[in-house]
Amino acid sequence: MRIVLVGPFPPYRGGISMFNHSLAKELSKEHEIYRVSFSLQYPRSLFPGKSQFFDFEDEKVERLINSVNPFSWKKTVKYINNTEPDVVIFQYWMPFFAPAFSSIAKGIKKGSGASILVNCNNITPHEPRATDSLMTAKFFSYCDGFIVMSKTVEEDLLRIQSNPKYRKTPHPVYDVFGKSLDQKKAKSMLGIGDEKVILNFGLIRDYKGLDLLIESAKYLKVELNNFKILVVGECYGNENNYFQLAEKNNVADVIDFCFEFVPNESVNQYFCAADLIVLPYKSATQSGVIPIAYHFDKPVVVSNVGGLPEIVQDGRTGFICEPDAKQIAERIKKYFNSDPKIFSSYISEYKRQFSWEIFVKVLLELIES
């Protein structure tokens, strides 16, 4: 089949970009793949981070879509229709892109008649606006099928579409962040000693609950010896708020903040140095950080929100708790009072169901149905 993938690709940063990269890599084993990305993803005035790009080039990517320029949407339609696609797959995660995607999908339907599928990373954004559902519904009206990766997103889809054709399958385990390193070597590379290492990784936003993890450290200091919390990721907010919260709770001595984007080739250092990955989200759909943790056979502590608990076996691949500082501390302590080999053994077996091969199999079943 000729398949066109639409959405961000490297060198754009972020989980959606790396998802598209990995999906293209798997699909290209048996299909002819075309990659269509953005010439402009976010206008600078609307982007809160330091940069939208990183040093990673994907192969044969057409950077055509300017999210705010309708002339680029027509150009994108022309390119896609000229490939004579059988299927076009959009990555969807934010209603901001719905006008562009609606225009492109409409043009594809009119010009080529290709089937249009949507991989729904998010449907309802974490900071929703009144018009979001209307914009999303219009885009979805041009689409023939949907992939969802959590029950929360499934429920959002069913609220917008009365009888959608869709499949539900978990977020695959990322395979682009390198091989596992010996933990002592990884710690040495990061300048860490023999402390127990608790990692909070990924983009820092209010809903991800870093404040809860910081507050949990004051309980950990009473009950857990020789530990360090690593906070690693670019901060979309005021960094000083987190520094001040750490000082207020008298835990600045056990938290290292690294508010920087981590390139792919360095991600393995942080995960391999860590004993435990903690995601204290206050709200969520799913998280791409859990599949990274599983890739490196690392257990997780996650909040019982959104789709996070769907892919965590409590007491086996990690622990599930409410988004509460005391509960987070209790689960962290519980892990360090357990045998870590039990967790890594369970994770090694459990993660087999999250392969890209299985994801693509479900995707192709949807296409053929």
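Here is what the cut-offs are and how they apply
- Residues numbered from 1 in each chain as written.
- Predicted model: local features only at pLDDT ≥ 70, side-chain atom pairs only at ≥ 80, totals over all residues.
- Heavy atoms only, no water.
- Helix = DSSP H or I, 4+ residues; strand = E, 2+ residues; numbered from the N terminus.
- Rg over C-alpha atoms; globule rule 2.2 N^0.38 Å.
- Buried < 20%, exposed > 50% of the residue type's maximum accessible area, 1.4 Å probe, protein only.
- Contact = heavy atoms within 4.5 Å.
- Areas by Shrake-Rupley, 256 points an atom, 1.4 Å probe, with all protein chains shown as cover.
- Lys, Arg positive; Asp, Glu negative; His and termini not counted.
- Charge placed at Lys NZ, Arg CZ, Asp CG, Glu CD.
- Polar contact = N/O pair within 3.5 Å; in protein donor to acceptor, adjacent residues only side chain to side chain.
- Pairing = 2+ DSSP bridges.
- Axes fitted to C-alpha atoms, helices over the stretch in contact; angles between N-to-C directions.
- Expected span 1.5 Å × (residues − 1).
- Salt bridge = Lys/Arg side-chain N within 4 Å of Asp/Glu carboxyl O.
- Parallel < 35°, antiparallel > 145°, perpendicular 65-115°, else oblique.
- Left-handed = near helix turned anticlockwise from the far one by under 90°.
- Nonpolar A, V, L, I, M, F, W, Y, C, P; charged D, E, K, R; others polar.
- Arc of directions from axis to C-beta.
- Core = buried A, V, L, I, M, F, W, Y, C linked by side-chain atoms within 4.5 Å.

*Asks:* Teacher, can you tell me more about the overall build of the chain here?
*Replies:* The number of helices and strands found in the chain is 13 helices and 13 strands. Taking 21 Å as the expected radius of gyration for a compact globule of 369 residues, we find that the chain reaches 21 Å, a close match to that expectation. Taken along its principal axes, the extent of the C-alpha atoms in the chain is 65 × 40 × 40 Å. Burial statistics for the chain: of 369 residues in total, 56% are counted as buried. Of the contacts made within the chain by residues no fewer than 6 positions apart, 75% connect residues no fewer than 24 positions apart. Accessible surface, the chain as shown: approximately 16200 Å² in total, 47% of it carbon and sulfur. The distance from the centre of the 44 positive side-chain charges to the centre of the 43 negative ones in the chain is 3 Å.

*Asks:* Please clarify how the side chain of S37 should be interpreted in this entry.
*Replies:* Within the secondary structure, S37 is located in strand β2 (residues 32-40). Polar side-chain contacts of S37 include one of 3.5 Å to the backbone oxygen of G7. Here the side chain of S37 touches F9 through a polar contact of 3.2 Å, landing on its backbone nitrogen. Setting aside residues up to four positions removed in sequence, S37 forms contacts with G7, P8, F9, Y12, V61, E62, R63, L64 and I65.

*Asks:* Which parts of the structure should I look at to understand the sheet that holds strand β9 (residues 227-232)?
*Replies:* Adjacent strands of a sheet form backbone hydrogen bonds with each other and so pair up, either parallel or antiparallel. In spatial order, the strands read β10-β9-β8-β11-β12-β13; together these six strands make up an open sheet with parallel pairing. Each of the sheet's edge strands pairs with one partner strand only, and the pair in question is β10 (255-258) and β13 (318-321). This sheet shows a mean twist of 20° between the axes of neighbouring strands, independent of strand direction. Note: strand β11 (residues 276-279) against strand β12 (residues 300-303), three bridges, orientation parallel. In the strand pairing of β12, L279 is matched with V302.

*Asks:* Where do I start with helix α1 (residues 15-27) in this structure?
*Replies:* Working note: α-helix, 3.6 residues per turn, so residues spaced by three or four point in the same direction. Helix length check: α1, at 13 residues, gives a terminal C-alpha distance of 18 Å against a target of 18 Å (1.5 Å per residue), a fit within 8%. Taken across its 13 residues, α1 has eleven buried, putting it largely inside the fold.

*Asks:* Can you walk me through the sheet that holds strand β1 (residues 2-6) in this structure?
*Replies:* Strand order in the open sheet made by the seven strands is β3-β2-β1-β4-β5-β6-β7, with parallel pairing throughout. Strand pairing shows two members of the sheet lacking a second neighbour, β3 (61-66) and β7 (166-168), which therefore form its edges. Ignoring strand direction, the axes of neighbouring strands in this sheet form an average angle of 25°. Judged from the five bridges that link them, β1 and β2 form a sheet pairing that is parallel. Within β2, the position partnered with V6 by the bridge is V36. Seen against the sheet, helix α13 (residues 356-368) touches β4 (87-92), β5 (115-120), β6 (145-148) and β7 and runs at an angle of roughly 160° to β6.

*Asks:* Teacher, can you tell me more about the pattern of salt bridges here?
*Replies:* Close approach of charged atoms lets side chains of opposite charge pair. Counted according to the given criterion, the structure contains 16 salt bridges. Residue K282 pairs with D211 through a salt bridge whose shortest N-O separation is 2.9 Å. In this pair, K282 is assigned in the loop between β11 and α10 (289-295) and D211 in helix α7 (residues 210-223), connecting sequence segments 71 residues apart. On the basis of relative accessible area, K282 is assigned to the partly exposed category, the value being 40%.

*Asks:* Please clarify how the packing of helix α2 (residues 70-82) against helix α3 (residues 98-111) should be interpreted in this entry.
*Replies:* Axes are the key here: two packed helices are described by the angle between their axes and the distance separating the axes. At a minimum axis separation of 9 Å, α2 and α3 run at an interaxial angle of 40°. Here α3 runs oblique to α2, going by the angle between their axes. Two packed elements cross with a definite hand, and for α2 against α3 that hand is right-handed. Between α2 and α3, the contacting residues are W73, T76, V77, I80 and N81 on the first element and P99, A100, S103, I104, G107, I108 and G111 on the second. Of the residues contributing to the contact of α2 with α3, the split by class is seven nonpolar, five polar and no charged.

*Asks:* Can you walk me through helix α12 (residues 340-350) in this structure?
*Replies:* Turning to α12, its buried residues are F343, I347 and Y350. Buried residues of α12 fall within an arc of 70° about the axis and therefore sit on the same side. Of the exposed residues in α12, the ones pointing more than 90 degrees away from its buried face are K341 and S345. Elements in contact with the buried residues of α12: α10, β13 and α11 (325-336). The opening residue of α12, the one whose side-chain oxygen lies 3.0 Å from the backbone nitrogen of K341, is D339.

*Asks:* Looking at this model, I keep getting lost on the nonpolar core. Mind explaining?
*Replies:* Note that soluble globular proteins tend to have their nonpolar side chains buried in a common cluster. Within the largest apolar cluster, 63 residues are counted, with the highest numbers of intra-cluster contacts made by L5, L23, L27, L199, F271, I277 and Y294. A total of eight residues in this core trace back to one element, the largest contributor, which is α13. Not counting residues within four places of it along the chain, the set of residues in contact with L27 comprises I3, L5, I33, I89, V360 and L363. Among the nonpolar cores identified, the runner-up in size contains 37 residues, and I16, Y34, C120 and C143 belong to it.

By themselves, these figures tell us nothing about what the structure is for.
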